[in-house]
Amino acid sequence: MTEALSRRQLAGVPLVGRPRIMGIVNVTPDSFYDGGRLPTVDAALMHCRALAEEGADFIDIGAESSRPGHTPISATEELARLMPVLRRFVAENATPVSVDTTKAAVAAAAVAAGARIINDIWGLQGDPDMARVAAEHGVPVIAMHNRPGADAAIDILADMRDFFARTLDIAARAGIARTDIVLDPGIGFGKTPQQNLVVLRHLAELRDHFGLPMLVGASRKSFIGHIVSTVPDERLPGTLAAHVIAAAAGCEIVRVHDVVAHVQALSVADAIAKAQSS
């Protein structure tokens, strides 16, 4: 087992047993599922508290939508949405917070305000200062695979291996410890519906190739609707199926909208996996 896997912790949370649960909090008007549902700081803060009480091991706060076709916003606007919620939550709650951002300036301000993890959907390959910020602040990074668009003709697993190799090289050159990196295969980002299924089918292979912990975020995403015609509000059963499969593949973290359902589903899956005949 590699050092990164043997260490098995993120921001002080041990990554053992069932996957740890990262609760999603989007303080955005346009996210694909929950955009606009938390229109005030108080509403967002109450949601953070509720997810922590329900059993979330981490809270992931994002202030800019990353859905297809989203309208980019400035760092100033992103910080105006993010910081009031982040500051108040970390002041009252010990649950580690990750900041979901593609901007190094936003990540730096969030970490200075108490965020303990940087969640970068461009895997340190978007903003050239992101790796430096993570290294200078000594915080771990969740590095996601991404592409500008889907291409059905490519070998998506080979593309991911090449992408993550570049990410790890950037991290090493910046001085980020390998034990401070979690990989995210980027379900729903730059992939066809079929490629998302291929990635989920081969999670164990990808995880073992790099010897690093893995986060999977399939929550209510559109590939589920391509299998069974549904809108995001109807995709919790499909989400649970995808995340239980990820758990069986060894995935250490799942990023979810629905914490209570995942605590139960993953606890049962873990108990079954550990059951021994008498």
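Only a predicted model underlies this, so the values are computations on that prediction, with no experimental measurement involved. (Residues numbered from 1 in each chain as written. Predicted model: local features only at pLDDT ≥ 70, side-chain atom pairs only at ≥ 80, totals over all residues. Heavy atoms only, no water.)

Caption draft 1: Structural detail: helix α8 (residues 203-210). Among all positions of α8, only L203, L206, R207 and F210 are buried. With its buried residues spanning 95 degrees around the axis, α8 presents them on a single face. Positioned one or two residues after α8, G211 has a phi angle of 65 degrees, which is positive. (Buried < 20%, exposed > 50% of the residue type's maximum accessible area, 1.4 Å probe, protein only. Helix = DSSP H or I, 4+ residues; strand = E, 2+ residues; numbered from the N terminus. Arc of directions from axis to C-beta.)

Caption draft 2: Examining helix α5 (residues 130-137) more closely. Within α5 the residues assigned to the buried category are M130, A131, V133 and A134. Looking straight down α5, one finds that the buried residues subtend no more than 160 degrees of arc, so they occupy a single side. The inward-facing, buried residues of α5 abut α4 (104-112), β6 (117-120), β7 (141-144) and α6 (156-174). G138 occupies a position one or two residues after α5 and carries a positive phi of about 65 degrees. (Contact = heavy atoms within 4.5 Å.)

Caption draft 3: View of the packing of aromatic side chains. In the structure shown here, the tally under the stated rule is 2 aromatic pairs. Both rings, one in F163 and one in F164, keep their centres 5.8 Å apart while their planes meet at 80 degrees; by these two values the pair is edge-to-face. A relative accessible area of 2% means that F164 is categorised as buried. Relative to F210, the ring of F164 lies with its centre 5.7 Å away and its plane at 85 degrees, an arrangement referred to as edge-to-face. Of the two residues, F164 is situated in helix α6 and F210 in helix α8; the sequence distance between them amounts to 46 residues. Note on F210: relative accessible area 8%, which makes it buried. One aromatic cluster in this structure is built from F163, F164 and F210. (Phe/Tyr/Trp six-rings, centres within 6.5 Å; stacked < 30°, edge-to-face > 60°.)

Caption draft 4: Molecular detail of the sheet that holds strand β5 (residues 97-100). Pairing in this open sheet of 8 strands is parallel, and the strands run β8-β7-β6-β5-β4-β3-β10-β9 from one edge to the other. Each edge of the open sheet carries a strand with a single partner, namely β8 (181-184) and β9 (215-216). Here strand β3 (residues 20-26) runs beside strand β10 (residues 253-256); their pairing, made up of 4 bridges, is parallel. When the sheet's bridge partners are listed, G23 is paired in β10 with V256. (Pairing = 2+ DSSP bridges.)

Caption draft 5: Geometry of the pairing of β3. Extensive coverage of β3 is indicated by the burial of 7 of its 7 residues. Of the two faces of β3, both are covered, the one formed by R20, M22, I24 and N26 as well as the one formed by I21, G23 and V25. As paired strands, β3 and strand β4 (residues 58-62) are joined by 5 bridges and run parallel to one another. Of the residues in β4, the one forming a bridge with G23 is I59.

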